[in-house]
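Spelled out from the first residue to the last, the chains are:
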Amino acid sequence: MRISLNWLRELVEIKLSPEELAETLTMAGFEVEEIEDRRTWANGVVVGKVLERQPHPNADKLSVCQVDIGAGETLNIVCGAANVKADIYVPVATTGTYLPNIDLKIKPAKLRGVPSQGMICSLKELGLPTDVDGIHIFTQENLPLGSDVRPLLGLDDVILDLTATANRADALSMVGVAREVAALTGGKLSIPEPDKVSISKSTGNLTLKIADTQACPAYIGTVIEQVKIAPSPEWLQQRLRAAGVRPISNVVDITNYVLLEWGQPLHAFDCDRLKSVASSENLTIGVRFVNNGESLKTLDGQTRTLASQNLLITANEKPVALAGVMGGEETEVHEGTQSLVLEAALFDSVAIRRSSRSVGLRSEASGRYERGVNRAELEIANRRALSLISELASGILVQQEIADTRPDPSTWSRSIALRLDRVNQILGPIDLGEDTGELQEQDVERILTALGCQLTPSGEDSSHQPTWSVSVPPYRYRDLEREIDLIEEIARLYGYNRFCDTLPEKSEGGYLPLDEELIRKLRAFLRAEGLTELIHYSLVKPGEDRQIVLSNPLFVEYSALRNDLIAGLVDAFQYNLEQGNGALNGFEIGQIFWREEDGFQETETLAGIIGGDRTVGKWSKSGREEPITWFEAKGILESVFRQLALEVEFQPDRRDDRLHPGRTASLWIRGNRLGIFGQLHPQLRREKGLPDSVYVFQLDLDVLLESVGQDEILVPAFQPYSTYPASDRDIAFFAPVKISVSEIQKVITKASKDLLESVELFDEYRGENVPEGQRSLAFRLVYRASDRTLTEAEVEPVHNKVREALVEKFGVNLRS
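To keep things clear, this report deals only with the structure shown in the data block. No experiment lies behind these values; they were computed from the predicted model shown.

What counts, and at which threshold
- Residues numbered from 1 in each chain as written.
- Predicted model: local features only at pLDDT ≥ 70, side-chain atom pairs only at ≥ 80, totals over all residues.
- Heavy atoms only, no water.
- Salt bridge = Lys/Arg side-chain N within 4 Å of Asp/Glu carboxyl O.
- Helix = DSSP H or I, 4+ residues; strand = E, 2+ residues; numbered from the N terminus.
- Buried < 20%, exposed > 50% of the residue type's maximum accessible area, 1.4 Å probe, protein only.
- Pairing = 2+ DSSP bridges.
- Contact = heavy atoms within 4.5 Å.
- Axes fitted to C-alpha atoms, helices over the stretch in contact; angles between N-to-C directions.
- Patch = residues over 30% accessible without salt bridge, like charges linked within 9 Å, V, L, I, M, F, W, Y side chains within 5 Å.
- Areas by Shrake-Rupley, 256 points an atom, 1.4 Å probe, with all protein chains shown as cover.
- Expected span 1.5 Å × (residues − 1).
- Core = buried A, V, L, I, M, F, W, Y, C linked by side-chain atoms within 4.5 Å.

Okay, the pattern of salt bridges next. Counting across every chain of the model gives 49 salt bridges. The closest approach of N and O atoms between Glu 483 and Arg 419, which form a salt bridge, is 2.7 Å. In this pair, Glu 483 sits in helix α13 (residues 483-494) while Arg 419 sits in strand β24 (residues 415-419), placing the two residues 64 residues apart along the sequence. Note that Asp 656 is salt-bridged to Arg 658, the shortest N-O span being 3.0 Å. A residue is classified by how much of its surface remains accessible, and Arg 658, at 25% relative accessible area, is partly exposed. Where salt bridges share partners, they join Arg 168, Asp 170, Glu 180, Arg 476, Asp 479, Glu 489 and Arg 492 into one cluster.

Here we come to the sheet that holds strand β29 (residues 532-533). Strand order in the open sheet made by the 7 strands is β29-β33-β34-β38-β37-β36-β35, with mixed pairing throughout. Looking at the sheet topology across the chains shown, the edges are occupied by β29 and β35 (649-652). Its contacts with the sheet place helix α14 (residues 514-528) against β29, β33 (585-596) and β34 (599-610), and it is angled at close to 135° to β33.

Moving on: a nonpolar patch on the surface. A surface patch of nonpolar side chains, about 610 Å² in accessible area, is lined by Tyr 537, Leu 539, Leu 554, Phe 555 and Tyr 558. Within the secondary structure, Leu 554 sits in the loop between β31 (548-549) and β32 (560-561).

The next thing to look at is helix α4 (residues 174-185). Its 12 residues give α4 an end-to-end C-alpha distance of 16 Å, which sits within 8% of 16 Å, the value for a rise of 1.5 Å per residue. With 10 of 12 residues buried, α4 is to be regarded as a mostly interior element. Those residues of α4 lying buried are Met 174, Val 175, Gly 176, Val 177, Ala 178, Arg 179, Glu 180, Val 181, Ala 182 and Ala 183. Against the buried residues of α4 lie β1 (2-4), α1 (5-11), α2 (18-27), α6 (250-262), α12 (441-450) and α13. One or two positions beyond α4, positive phi appears at Gly 186, with a value near 80°.

Take the environment of Ile 748 next. With respect to the helices and strands, the residue Ile 748 is situated in helix α20 (residues 741-752). Take Ile 748: its relative accessible area is 0%, and that puts it in the buried class. With near-sequence residues (within four places) excluded, Ile 748 lies in contact with Leu 756, Val 759, Phe 779, Leu 781, Val 802 and Leu 806.

Turning our eyes to something else, we now look at the pairing of strand β5 (residues 75-79). With 5 of 5 residues buried, β5 is to be regarded as a mostly interior element. Residues Leu 75, Ile 77 and Cys 79 point to one face of β5 and Asn 76 and Val 78 to the other, with burial holding for every one of them. With 5 bridges joining them, strand β4 (residues 63-68) and β5 adopt antiparallel strand pairing. Paired with Gln 66 across the strands is Asn 76, a residue of β5. Taking the residues between adjacent antiparallel strands as the criterion, β4 and β5 are bridged by 6 residues, where Gly 70 takes a positive phi near 70°.

Ranked by size, the top nonpolar core spans 90 residues in total, and within it Leu 8, Leu 160, Tyr 219, Ile 313 and Phe 347 carry the most contacts. In this structure, Leu 526, Ala 633, Phe 641 and Tyr 695 belong to the second largest nonpolar core, which totals 34 residues.

Right under this line is the structure:
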């Protein structure tokens, strides 16, 4: 909000310079973004009178003027304005004057051979907006020649561009800022009390019909007749311009002026136009929400199709304004207006915010209603506007109707318990120069009293510190609700910079939790296997079983929480293919959510998708991509598990219909289900346009982390290797196809006890000379001891136990 210091000085005593005041407000939480010193715009510009005007001898569009600025001798000034003439008072920039808005310093010059000793100025050259094309002509008579023009043009002022925080609706008005300045500086307040107004008639043709009293708790409608529309007086126009508002006419300017002064939006309707819209002499002004299919042409000239959340002002049920946002063009005040209906109302902040957002329209009024307008000063602002309309537009008040459902005024304030001990506990010590101290009882009372609060001592707390019952003023009712709010106000007005800076006594090195360390290791292992980390939104389309659906989504496409990571990875794979990026190898760590009978559940999950050729150079393959095999994809997972020192068991699984029923495995760790791994189902691949060999996995991260030996992973321990040679044996046999290799490896490991270093499958064969329903498997077993060279006598009995265990357990037919 733009604050005029001249206007502010009429409301509160100010002893600080503009720069000091700006610093004080900024430190108190009201950031001053810019100081606009208008005094520099016309420094050296004085009042002059054109005594004589002659055409320039060498230029058709120039004039030679004799101008008296009260300096003893007249100035010869060449002027190019078409509206210059004799016997007018004008602003004159004398020699040596600098005009910053046009970056011009006035020097003696010759224009087409005629000397010029200054410049007659237009308002644009002085930095003021104007519709006049030419120099400015003062309308006042008998102005003192040579006097400063700045008081006449409102340029003896400084403007502070101030930003209020969202909770301080009261600071969007001159009166609110004046109260704040008074509290900060101790200056005396001089807030004007509006004159009392009298209504000439007690009844009339106006009635009110408020359909939704929650959306509109109070509405005052006043009929004013015999209005004379004219330009506003200069003082009013200057104040509006200083605030960045364009003057229009006396009535409209008054509503804008009261908006700026008291923060209360008002709207003036042309009464005759209202009757024309209503098609009746009897007017019923209503407030209701939109019915289907209604539209309204607003003051900005746009016809807007309205939605059900738009709150309307109606005349006999016909829309005439968007309540709290903008009036309608059909009923606006114009040059021929003779009678008015002045609206002063309170609207619910949520209703106005939704209405404003739905039509994409914000205004000075809606910005204030959204934050909350002071309900206690509605009548004062209305009376102020009516008084000015009577004074400046000669209006006669003939009827006033009020619809008021506000709670009793006794509830417009609240009492909050405040403890001095709690104040000092929250805020800490204050800086007293060479020493430190605490806020005292008188400090708290002085600050809160300056804010308009009333403090009543209520005894002492358990630590014998004073306590108060603090009554909050109605204009601060919205943002002072709890004890901590009062403590914040104490800190703000006392000065944040006056509290001591404290640092921790001892610095300690930071560290990550163990789970976070392990997750970082896991990410590093997955990246080392060639997988790229992916991040997706947690919000997805609805429609899946056990999904949690949001009650207030921004978009339908993002209205449910994901209960699975695989679907997002498959979509990412498809998207990359469509964009020409090739097949994707990636992983994601994220939360998934689902609904159970006893409530909502969530867990952190690791998932991945593998489908791209991991090799870089393809010259040996004629540039062709080689699809990754099931075992290679499984090997990526096994490599990560090996680095985490995990023994994971793979078992056949058919439960997920998105995966190939014969190429899917569930993963288990010591009897706990870890997750699933498998190839995408051919039908899903065809629907998505994916290549044949695409594999996915999804693991429960909590199970994974609980199973990891945390100390061994974070701090690897050295394990000595054997310096003695190994002894290897091969074993080959026919085994039923239904028996998995992992089961066979378990039996081999168990039978060989501690001598077996490794077991590896190196051959599988099916076909000729192999019995039906069986396959030929060949394993290499490596035996080694850490303290000696194994002899044949030691190895052979162990190897025979392995052979016997395989025959006994699986009934294999040994070939070697």
